[in-house]
Amino acid sequence: MDVTIVTRDGARLGVPCAEGQNVLAAAEEAGLYLPSMCREGSCGMCAAHVTEGAYEMGACAEGALPKGEGGVLLCRCLALSDLVVEVPVRDEQIGRHRVPERRAVIAGLVPAGAGALAVTLQLEADETYGAAADFVPGQFFEMTLPGADVRRAYSLANLPNWDGRLEFIIRLVPGGRFSGWLAAEARVGQMLELRGPMGHFALDEASPRPRVLVAGGCGVAPILSLLRQMAEYGDATPVHLIYGANREAEFLPPHVLAEMKAALPQLDVTYAVWHPEAGWNGFVGTAAEALSVVLASGAAVPDIYVCGPPRMLEAVEGAALAAGVPAAQFFAERVQS
Amino acid sequence: MFCFQCEQTSRDGATAGCAGAKGVCGKDEVTADLQDLLIYELKGIGQYTHRLHKLGKPDADADRFSLYALFTTLTNVNFNRARFTDMIAEAATIRDRVAKAYEVEAAAAGKIPAMLGAAAHYQPAGDLSGLLAQAPVASVRAGVEKVGEDVIGLRSLILYGLKGVAAYAHHAEVLGEEREEIYAGVAKALDFLASDSTDIEALLGEALELGKLNYTVMETLDAANTGNFGTPTPTAVRTTPVAGKCILVSGHDFGDLRAILEATKDQGINVYTHGEVLPAHAYPKLHAYPHLVGNYGGAWQNQQIEFAAFPGPIVMTSNCLIEPQPSYRNRIFTMGPVGWPGLKHLTHNDLGILVQAAKATPGFATTAPEKQILIGFARDTVLGVAGTVVEAVKSGAVKHFFLIGGCDGAAPGRNYYTDFADNAPQDTVVLTLGCGKYRFNTHDFGTIGGLPRLLDVGQCNDTYSAIQIALALANAFNCGVNELPLTLVISWFEQKAAAVLLTLLALGVRNIRLGPSLPAFLTPNLINVLVEKFGIQPVTDAKADIQAALTRAA
C-alpha cells in the first residue's frame, strides 16, 4: 500500500506501507521522521488527518485523537488501502536523514595491528553542517577513492566531537582498491570526499540487560565507539568484549584496550585467536566459539552487538540463537571487504 | 512500572496510569522503578531529618539532596537510569548519616529515639536486577488492596505536590535563597508520607499544609529571582532569529541562563530563550546582556521540531525534556536535575564545551524580519498601575479578569485555553503565566484603559506574583479574593502545577476551572471533595465557561 503524506505547506511525500505496519513506522522506514513521542496512542503528538482511503485505528486514548473526520494518531493508524494523510507540520520540519556530503583532510595514517591502518580525518567546516563530527556511535562514513568512482564504507571508532575529527580502523585488503590506495598512495594532508554518517548500529541504551560486544578484526572500530560511549556517559551496564582475530598480531596495540578498561571498570575482555602461535595463553578458536563459552557461563541473557566480516557474523548469530538469545537482542554490523 | 503523576498519563486501562514498558512521557520502566525506590529512600531520610529539624539540628546537605532528588523525578526531567542508580546509592549513604545523627542528637536531648517505619531501614540492592526486584515496595500503588483507591489518590496528591514544592525550592536554593521553614516542611511531608497514613482527613490536611508551604516556597523563589536579577519590567522580546552562532536555553533555571550568558560573553554567540525561560528577558540584570537576543520557538511539546531546526546547541535546565531526535542528539545538553542517557551533562564550571559546540554548529545564516511580544507584567508592574486598574474596574471599562495559566501539552484538548483567551470579551483582561500562553501570546489582544489586555506575569511559579496582584486588588476593593471579578482557568501538566493548585486551595481560592483533564490519581470521591469544598470545576467549552464566569461574577 502507498501512503501519501501531505504537509501543511502542500508537499506530497510518498511512503510505502506494509500490511499491519503503522503509518508512523512506515514513514520512518522511508526516512521521514515525523513528530512522535509515546508511540502508544496516548500523547497525541503524531496526530494527523486521513483525507482519502480506508484505515484502521488501534486502541488509543480518546482525548489524544484529533477532532474532525479522519482524525488519527499515526502510531496507531494501519492502512487498509492507499491513503492520503495530512500532517500538521511543514515539509522542512520533517526530520530526514538526508545523508550529508562532506570533505575531510587526512590527518593521520598509523599502523593498527598487522594488516590494518588507523586513519584520522579532519572534517572541513561547512555552511550547512558546521565543523562538528556529528554522528551516533556505531555509524559509518562512505569514502570515495580520489579520481575514481569507487566508494567504501568504514565505521567510526571515536566519539562525536566538536573538533570535526573522524577516526577509523581500516583493514588493508590484499588487492583492495581503496585500502590498496590507502596503503600505497594516501598521504597526510590529502582531501577526501565523504558521505555520512549512516547506519543504525547503535546501543540500545534503554535496555536493562548486560551487553556482550563481539568484534572480528577491524570490526573492532564501531565496537570501540560503543565502549567509548559507555565510558563517556558512565554507563555501568555489565559489558563483555570478545575480540577475535586470525592471528595475535592483528589485534590493536594493547594500550588501546588497556585505556578502555581504565575508563570502563566493569569491562571484561576475551581475546580469541583462531590460529595462535606458540606462547598464546588466551582463548583458542573463533569469536563465535568464545561467545558460546561466555553465554554458557552467564546468568542473564545479554544483548549482543557484533561487527565483523559476513561469515563471522553468521557464526556469531548461530551461536547466539543456539544459546537462546532472542533475535531482538542481536545487533549486527557487517565489515565491508 | 506504575506512574500516573502527569496529565498525559495513559487512561486506557482499568486503572488510569502508565504501566507498560514505557510511559507516555518516554520514561522506561527501569527508570520509573528506580525513581520509585529513590523516593522511598527520601521518605526514609525524611523520617530522620524531620526529627533532626525538631531537635534544632538539621543536616543541610541532606535537605538539599532531598529537593534535588525529588526534582529529578518530575515529569520530563531525568530519564537516565544510570543517574538514578547512583542517586540511590548516595541516598543510602545520606540516610545512614542522618540516622546516626538522629541517634546522637536524640540522646543529647535526653530523648529515646523513635521507632521508625520501614522506609528508614531500607537497604538498596547492590545491582540493577536486585533493585528492580525491590521496586514493588516503593510503588505509589503499594498496598492499594488494603487501603483503597482514595487513600492512594491522596498520598499521590501529597507526593506530587511535594515534588513541585521541591522543584521550586531547588530553583531558589541554587540562587542562594534557602529557608529553614522550607526544609523543615519538606522533611515533615516526607515523614508524613513514610507513615503510610490511611486517615482521609489527615491526608487532606497534609495536602493543604503543603499548599501553604508552597506559598512560602514561591515567595522565596520570587525573592531569589528579583534579588539576583532585579524586578521584572515590561519588555518587548524579539521572537525571530538574528544571523550568527547561537545557543538555545530551555527549562526554567535563570541561574543556569546567567552562567551561560557569562560563558558566552564577547564570543560572538547569541543566546535565545525557549519555553519557560522567556520571562528572563524581563529581569533587568539578564536583559542587560546584549547577546541575550530573543526567544525562539513555543512551548515544550513542540521541541522535536523546533530543536531540530535550531542551528546550534540546546541546553535543558529543567523540565520539559522529551526524547531527543537523532538530528539534534549530539548538540542538546542537560544541566541541573535533567538527564537523558547519552546526553552530555554540564555544570557551571564546564561550559567550554557548549561554547565550542556553538562555534562548530552553523548558526543562523540570516536575520529574519523582527517580530516582538511584550512580557514582564509581574506584581510590581501591575501594582504600580493599581490605581488605573481599580479605576478601570470601577468605571466599568474592565468587567472581569481571567488568569489563564499553567502548562502546555500535546493533547488536542488544550485548544480550550486558546479559545478561552481569544473569546474573552474586549472589556476583560487576560493575565497569563506558565508555558500555556504560547498558544495565544502572539495574538493581538489590544489595550484596555491604557493597559495591554494580555498581561504576561511570568513563569508558573509567578503564581506568587499573580496572588499578590489578586490580594492587592481585593484589598483595594475591600473584599475577599473570591469576591473579585476574577476567574482562574488553570491548565495543568506536571507536578509543579499540583503544588500551585494546593496553594490556591490552601489560600481559600474557589471556583477554579481545571483542565484539560482532571488528575488521574484523584478518584471520583476525591474529586467530589474538591468540588464541594473548593468549588473546583472541570473545563467544558471555552465560550460556555466564559459565560458562566461572567454570570457568576455579575
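Further up the page is the structure itself.
Nothing here was measured: the structure is a model prediction, and the numbers come from that model. (Residues numbered from 1 in each chain as written. Chains lettered and ligands numbered in written order. Predicted model: local features only at pLDDT ≥ 70, side-chain atom pairs only at ≥ 80, totals over all residues. Heavy atoms only, no water.)

Draft legend 1. How the structure looks around the side chain of Thr273 of chain B. All names here are of chain B. Following the sequence through the fold, Thr273 ends up in strand 3 (residues 269-273). Within the structure, the side chain of Thr273 is placed 2.8 Å from the side chain of His281, a separation counted as a polar contact. Here Thr273 is in contact with Leu248, Val249, Leu257, Leu278, Ala280, His281, Leu292, Gly294, Asn295 and Tyr296, once residues within four sequence places are set aside. (Helix = DSSP H or I, 4+ residues; strand = E, 2+ residues; numbered from the N terminus. Polar contact = N/O pair within 3.5 Å; in protein donor to acceptor, adjacent residues only side chain to side chain. Contact = heavy atoms within 4.5 Å.)

Draft legend 2. Spotlight on the sheet that holds strand 17 (residues 239-245) of chain A. All names here are of chain A. The strand order across the open sheet built from six strands is 19-18-17-16-20-21, with neighbouring strands paired in parallel fashion. Where the open sheet ends on each side, the last strands, each with one partner, are strand 19 (283-284) and strand 21 (330-334). Where strand 16 (residues 211-216) meets strand 17, six bridges bridge the pair, whose relative direction is parallel. Bridge pairing in strand 17 links Arg211 to Val239. Packing against the sheet, helix 3 (residues 220-232) makes contact with strand 16, strand 17, strand 18 (267-273) and strand 20 (303-308), and its axis sits at approximately 150 degrees to strand 16. Each of strand 17 and strand 18 touches helix 4 (residues 254-263); the most contacted strand, strand 18, lies at about 155 degrees to it. (Pairing = 2+ DSSP bridges. Axes fitted to C-alpha atoms, helices over the stretch in contact; angles between N-to-C directions.)

Draft legend 3. Region of the structure containing the interface of chain B and chain A. On the chain A side, the residues contacting the 37 residues of chain B number 39 residues. A buried area of about 2900 Å², summed over both sides, lies between chain B and chain A, and 54% of it is on carbon and sulfur atoms. Interface area lost by chain B to chain A is led by Arg81, Ile305 and Asn330 of chain B, which between them contribute 19%. Put simply, chain B and chain A have two salt bridges between them. Residue Arg329 of chain B is joined to Glu205 of chain A by a salt bridge in which the shortest nitrogen-to-oxygen separation is 3.0 Å. Summed over the shared surface of chain B and chain A, the number is 10 residue pairs in polar contact (both at pLDDT 80 or more). Broken down by secondary-structure element, the contributors of at least two residues to the side of chain B that touches chain A are helix 3 (81-108), helix 11 (303-309) and helix 12 (352-360) of chain B. Partitioned by chemical class, the residues of the side of chain B that touches chain A number 19 nonpolar, 11 polar and seven charged. (Buried area = accessible area lost by both parts, 1.4 Å probe. Salt bridge = Lys/Arg side-chain N within 4 Å of Asp/Glu carboxyl O. Nonpolar A, V, L, I, M, F, W, Y, C, P; charged D, E, K, R; others polar.)

Draft legend 4. Spotlight on empty space enclosed by the protein. Residue and element names in this part refer to chain B. Scanning all chains against the criterion turns up 15 cavities of 30 Å³ or more. Considering only enclosed or pocket space, the largest cavity measures out at about 170 Å³ in volume. Along the wall of the largest cavity there are 18 residues; nearest its centre are His252, Glu276, Trp300, Cys320 and Cys435. Looking at the lining of the largest cavity residue by residue, the class counts come to eight nonpolar, seven polar and three charged. In this structure, the second largest cavity occupies an estimated 140 Å³ of space. Broken down by element, the residue count for the lining of the second largest cavity peaks at five residues, all from helix 17 (residues 495-506). Classifying every residue of the lining of the second largest cavity by side-chain character gives 11 nonpolar, four polar and one charged. (1 Å grid on protein atoms, 1.4 Å probe; cavity = no way out; pocket = protein on both sides within 12 Å on 5 of 7 lines; lining within 4 Å. Points joined across faces, edges and corners; volume = space filled by probe spheres on them.)

Draft legend 5. Inspection of the environment of Thr334 of chain B at higher detail. All names here are of chain B. For Thr334, the location among the structural elements is in strand 6 (residues 332-335). Residues Thr334 and His345 lie 11 residues apart in sequence; the distance between their C-alpha atoms is 4.7 Å. In this view, Thr334 contacts Met316, Leu321, Gly339, Trp340, Leu343, Lys344, His345 and Leu346; residues no more than four positions away in its chain are not counted.

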